[in-house]
Amino acid sequence: MKITVLNGSPKGDLSVTMQYVKFIEKKYPQHNLKKINIASAIKKIEKNGEVFNEIIEEVKTSDGVIWAFPLYYLLVQSGYKRFIELINIRGAENAFKGKYATALSTSIHFFDHTAHNYIHAISDDLDMRYINGFSPEMHDLLKSEGQEGLLVFAENFFSAITNKLKTPKRFLEIKNSSFKYKSGKVTNKIDSNSKRVVVISDGGKEDKNLNAMVDRFRGSFTTPPELVNLNDIDIKGGCLGCCRCGYDNTCVYEGKDGYIDFYRDKVMGADILVFAGVVVDRYLSSDWKRFFDRSFFMGHTPTMKNKQVGFVISGPLSQVPNITEIFNGFMECESANIAGFITDECEDSNDIDAHLDSLAEHLVRFAKADYVSPATFLGVGGRKIFRDDIWGKLRFPFVADHKYYKKHGYFDFPHKKDWAGRIKSKVLVLLTKIPQIRKEIYINKIKDEMVKPFMKVVEKADGPASSK
Ligand SMILES: Cc1cc2nc3c(=O)[nH]c(=O)nc-3n(C[C@H](O)[C@H](O)[C@H](O)COP(=O)(O)O)c2cc1C
């Protein structure tokens with residue numbers, strides 16, 4: 001059978017992901033795997049209609065499609081996302097309809113599930129027949145279990161095609177709205193309290209709701225915050241995944257375009273950041289994706305630490321919970337605080353005005369208090385992946401990250417800290433070996449003892465809090 005492999009790595013053939021594909025190719029010579037570089041050739045694909053059409057023709061004449069990609073910022077790389085946008089913009093959906101599809105990614109397992117949700121949903125949107133994807137840690141192919149798993153995955157995909165298996169859709173079709181937002185007057189303007197507020201939008205002329213929401217939001221401050229449009233920044237291209245930045249955060253684009261200066265000044269220099277965009281397919285635009293990908297010149301260091309972040313989104317955000325999961329996880333790992341997501345989905349202009357006012361109020365209140373809400377599983381888990389990998393197998397090439405993590409106490413392995421807690425646990429475990437003591441602890445003591453330290457804090461707390 002013929003399988004088209006759409007390569008999402010900006011490194012083209014020199015991609016880790018493609019080694020997985022080549023391994024499959026070698027093990028199944030009876031199948032023709034047509035590999036096409038998408039992310040590395042996106043400029044050409046976008047500019048030259050013929051090149052795009054040739055790819056679509058390959059898809060049309062194949063029995064299945066493998067979306068093969070590296071994880072980039074909890075999704076796919078911006079060029080790959082642009083290709084998916086072009087399928088819709090250029091009306092090429094029919095070539096994908098009814099084809100079997102699967103996803104094969106490599107990553108460090110940092111939000112690989114959100115990238116797979118995305119590709120699965122895109123496949124559903126294209127009326128493809130999605131078969132179980134495969135998401136190994138990037139080094140898994142080096143081990144025999146990794147190789148065996150890969151072959152089971154491939155075999156399963158080929159066999160689904162041969163046997164014409166029926167596949168359910170997992171993601172509901174998105175319903176778009178034609179609601180037109182009309183902003184009202186601001187009655188109570190808010191003082192930013194000398195906090196630097198920067199709004200970044202990718203709104204084009206046609207994004208009327210988004211632009212009006214951004215204007216209304218800015219108008220709710222006594223001094224309107226700075227506004228930067230992503231389209232006005234000279235960005236020469238997407239992240240190339242070259243990792244040249246790994247040693248000292250020097251990007252291959254340094255001095256060649258305006259992104260790095262913009263990011264250092266407007267993003268890293270802000271106290272409050274508001275990201276404004278339109279839902280495009282199952283994420284924001286590929287321009288936004290490029291913005292996030294390019295921030296990789298700072299590696300895995302948190303460039304938005306302790307900042308307040310708000311999202312102003314036009315479009316069906318609540319129909320794509322994967323997007324909020326991505327940004328919640330991302331910001332939690334950054335140790336930034338999300339003050340809210342505001343959309344135009346309620347289809348009531350007065351309510352949207354009120355929601356934008358509340359966002360402004362929340363952002364300033366939290367900024368004044370230097371508040372960052374505790375991370376959930378997304379942030380706690382994500383940071384542990386970074387901590388372990390930067391300490392271990394990613395120490396090289398990410399030398400700058402390692403320096404930062406060491407300096408800022410990020411290597412907080414449990415065996416290094418909390419000696420008192422560890423000794424206490426050891427003693428208690430020893431005591432539980434004695435049946436009488438064990439009984440006393442688990443039946444009479446455990447609830448009281450667990451709550452005791454908290455009760456002490458509550459007891460000691462003095463009078464009512466002063467409101468800020
Ligand atoms: C800009 C950039 C962003 C990345 N983002 C993620 C991520 O969000 N999650 C993850 O697990 N790995 C992430 N990675 C790691 C790559 O996905 C991983 O190294 C992959 O194996 C590279 O595959 P390739 O050689 O095929 O491009 C990122 C790497 C780069 C360069």
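Our structure's up above, just so we're on the same page.
For clarity, every value in this text was computed on a predicted model and none was experimentally measured.

S.K.: Looking at this structure, how should I read the packing of helix H3 (residues 49–60) against helix H4 (residues 78–89)?
M.R.: Geometrically, a packed helix pair is captured by the angle between its two axes and the distance between the axes. Their axes nearest at 12 Å, the elements H3 and H4 cross at an angle of 85°. What the angle tells us is that H3 and H4 run roughly perpendicular. Mapping the contact onto sequence places Phe52, Ile55 and Ile56 in H3 and Phe83, Leu86 and Ile87 in H4. Looking at the contact of H3 with H4 residue by residue, the class counts come to six nonpolar, no polar and no charged.

S.K.: Honestly, unusual backbone geometry in this entry has me stumped. Any pointers?
M.R.: Note: most peptide bonds trans; most residues except glycine with negative phi. The peptide bond linking Phe396 to Pro397 adopts the cis configuration, its omega dihedral lying at 15°. Within the secondary structure, Pro397 is located in the loop between helix H12 (377–391) and helix H13 (399–407). One non-glycine residue, Asp127, adopts positive backbone phi at about 60°. Note on placement: Asp127 falls in the loop between helix H5 (112–125) and strand S5 (129–130). A positive phi angle, near 65°, is found at Asn306, a position not held by glycine. Mapped onto the elements of the fold, Asn306 is located in the loop between helix H9 (286–294) and strand S9 (308–314). The exposure class assigned to Asn306 is exposed, which follows from its relative accessible area of 51%.

S.K.: How should I be thinking about the sheet that holds S9 in this particular structure?
M.R.: One open sheet accounts for five strands, arranged S7-S6-S8-S9-S10; its pairing is parallel. Edge positions in the open sheet fall to strand S7 (226–229) and strand S10 (337–343), since each of these has one partner strand only. Averaged over all adjacent pairs, the angle separating strand axes in this sheet is 20°, with direction ignored. Two elements, S9 and S10, share six bridges in a ladder whose sense is parallel. Bridging across to S10, Gly310 finds its partner in Gly340. Across the sheet, helix H10 (residues 321–334) touches strand S8 (272–278), S9 and S10, and the angle it forms with S10 is around 160°.

Definitions and limits used
- Residues numbered from 1 in each chain as written.
- Predicted model: local features only at pLDDT ≥ 70, side-chain atom pairs only at ≥ 80, totals over all residues.
- Heavy atoms only, no water.
- Axes fitted to C-alpha atoms, helices over the stretch in contact; angles between N-to-C directions.
- Helix = DSSP H or I, 4+ residues; strand = E, 2+ residues; numbered from the N terminus.
- Parallel < 35°, antiparallel > 145°, perpendicular 65-115°, else oblique.
- Contact = heavy atoms within 4.5 Å.
- Nonpolar A, V, L, I, M, F, W, Y, C, P; charged D, E, K, R; others polar.
- Buried < 20%, exposed > 50% of the residue type's maximum accessible area, 1.4 Å probe, protein only.
- Pairing = 2+ DSSP bridges.

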